[in-house]
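# Notes for the structure review
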Amino acid sequence: MKKQYYLKLFVCLLVGGLLFLGLTGPSASAKNDNNDVKLRVFVHYPKPGLDKGKPQGPVCQITANEQVANYGLTGWKLPDSAVVYKINYNTNSFGISNDSLKLAVDNAFQAWATSGLSFQDGGATGAVRAQNDGINLVAWGSVPNNAIAVTYTWYYQNTGQWVESDTILNKKLKWAVTPYTTDCAGTAGAYDVQNIMTHENGHWVGLDDLYDLASRDLTMYGYGFTGELKKDTLGWGDSLGVKSIYR
Ligand SMILES: [Zn+2]
């Protein structure tokens, strides 16, 4: 009897608490404890085993099946308001025009702008480092172990509320911007900005990497390739994933 009472009390408190959080809405963010902010880092390598001694990475393969329903969740969620990001154009040393770079990055964000999600290009920044400084940064810089790109996301572990994301692209690799025509029609030997950024932005949104071979044609497949453009467009699992978070 007593056990049941406590169980009921617990459920009441739980429901009450959830209701309270729901009703208070944005002000609940004030209750986020700064000590609770966690950092998660996604590091992207060219496919292992194929890239030994070949820093330019392996070749892209034409999509065979992007209709798989696979996705993984990181556990955080972007706010209802537009996420403002900034690009450090000064770190672009690849002969890519500022206009082309802006368009590629903007397109990469817009690929995810569904289910009420919105992104806004906040212009240029001189920021160069991934740090929790209120600037959602896209820049080239140094990354560990010859990775293609690294995305850093800060979030509140308890509430799942996203705080900030920064994506650093490897300045030591070759980069290009090529509008999508077919899956592998990017510049030979170069990583495509929009292709890689669309994947990285999937992490901002709250999606995890997929490494199983069946997911190789999805945007959230964890490996990237030179000449690859296929990640520009979301696959079925990518769309299902984002809709599962924002509905
Ligand atoms: Zn990733």
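Moving on to the overall build of the protein chain. Across its full length, the protein chain carries four helices and eight strands. Overall, the protein chain shows an N-to-C arrangement of helices and strands of α-β-β-α-β-β-β-β-β-β-α-α. The burial tally for the protein chain puts 37% of its 247 residues in the buried class. Considering only contacts in the protein chain between residues 6 or more positions apart, those separated by 24 or more positions represent 73%.

This part takes up the nonpolar core. Of all hydrophobic cores here, the largest spans 48 residues; its most connected members are Val105 and Val193. Those elements giving two or more residues to this core turn out to be β2 (83-87), α2 (98-110), β4 (136-141), β5 (149-156), β6 (162-170), β7 (175-176) and α3 (193-205). Beyond its immediate sequence surroundings of up to four residues, Val105 is in contact with Ile87, Val138, Val193 and Met197.

As a further point, take unusual backbone geometry. Phi at Ser115 is positive, roughly 50 degrees, even though this residue is not glycine. Following the sequence through the fold, Ser115 ends up in the loop between α2 and β3 (119-124). The exposure class of Ser115 is partly exposed, given the 13 C-beta atoms found within 10 Å.

Our focus in this paragraph is the sheet that holds strand β1 (residues 37-44). Within a beta sheet, neighbouring strands are joined by backbone hydrogen bonds and run either parallel or antiparallel to one another. Spatial strand order, β1-β5-β6-β4-β2-β3: six strands in an open sheet with mixed pairing. Lying at the two open borders of the sheet, with one neighbouring strand each, are β1 and β3. Along the sheet, successive strands turn relative to each other by an average axial angle of 20 degrees, direction set aside. Bridge count for β2 against β3 is four bridges, and the pairing is parallel. By the bridge assignment for β3, Val83 is matched with Phe119.

All of the buried residues along helix α4 (residues 236-245) are Gly237, Asp238, Gly241 and Val242. Take α4 and look down its axis: the buried residues cluster within an arc of 130 degrees, on one side only. Buried positions along α4 lie against α3.

Now for the environment of Gln110. For Gln110, the location among the structural elements is in helix α2. Counting along the chain gives 88 residues from Gln110 to Thr198, while the straight-line C-alpha distance between them is 8.7 Å.

Looking along a regular strand, one sees the side chains alternate between the two faces of the sheet. With five of six residues buried, β4 lies mostly within the body of the structure. Of the strand pairs in this sheet, β2 and β4 are connected by three bridges, and their pairing is parallel. In the sheet register, Lys86 faces β4, and the bridge partner there is Leu137. Two strands pair when backbone bridges link them, and β4 and β6 are joined in this way by four bridges, in the parallel orientation. Among the inter-strand pairings, Trp140 is bridged to a residue of β6, identified as Leu169.

Closest axis-to-axis distance for the α2/α3 pair is 8 Å, and the angle between their directions is 35 degrees. The handedness of the crossing between α2 and α3 is right-handed. Across from Leu101, Ala104, Val105, Asn107, Ala108 and Phe109 in α2, the residues of α3 making contact are Val193, Gln194, Met197, Thr198 and Asn201. Of the residues belonging to the contact of α2 with α3, the class tally is seven nonpolar, four polar and no charged.

Mapping Cys60 onto the fold places it in the loop between β1 and β2. In this structure the C-alpha to C-alpha distance between Cys60 and Thr226, which are 166 residues apart in sequence, comes to 6.5 Å. Here Cys60 is in contact with Asp183, Cys184, Phe225, Gly227 and Glu228, once residues within four sequence places are set aside.

For the protein chain, the average pLDDT comes to 86, and 82% of its residues sit at 70 or higher. Of the regions scoring below 50 in pLDDT, residues 5-30 engages in two contacts with residues more than four places distant in sequence or in other chains.

This part is about the environment of Ala64. When you line up the elements, Ala64 lands in the loop between β1 and β2. In this structure Ala64 comes out as exposed when scored by C-beta crowding, with 9 C-beta atoms within 10 Å.

The rules behind these values
Residues numbered from 1 in each chain as written. Predicted model: local features only at pLDDT ≥ 70, side-chain atom pairs only at ≥ 80, totals over all residues. Helix = DSSP H or I, 4+ residues; strand = E, 2+ residues; numbered from the N terminus. Buried ≥ 20, exposed ≤ 12 C-beta atoms within 10 Å, placed from the backbone. Contact = placed C-beta atoms within 7 Å. Core = buried A, V, L, I, M, F, W, Y, C linked by C-beta atoms within 7 Å. Pairing = 2+ DSSP bridges. Axes fitted to C-alpha atoms, helices over the stretch in contact; angles between N-to-C directions. Arc of directions from axis to C-beta. Left-handed = near helix turned anticlockwise from the far one by under 90°. Nonpolar A, V, L, I, M, F, W, Y, C, P; charged D, E, K, R; others polar. pLDDT = per-residue confidence, 0-100.

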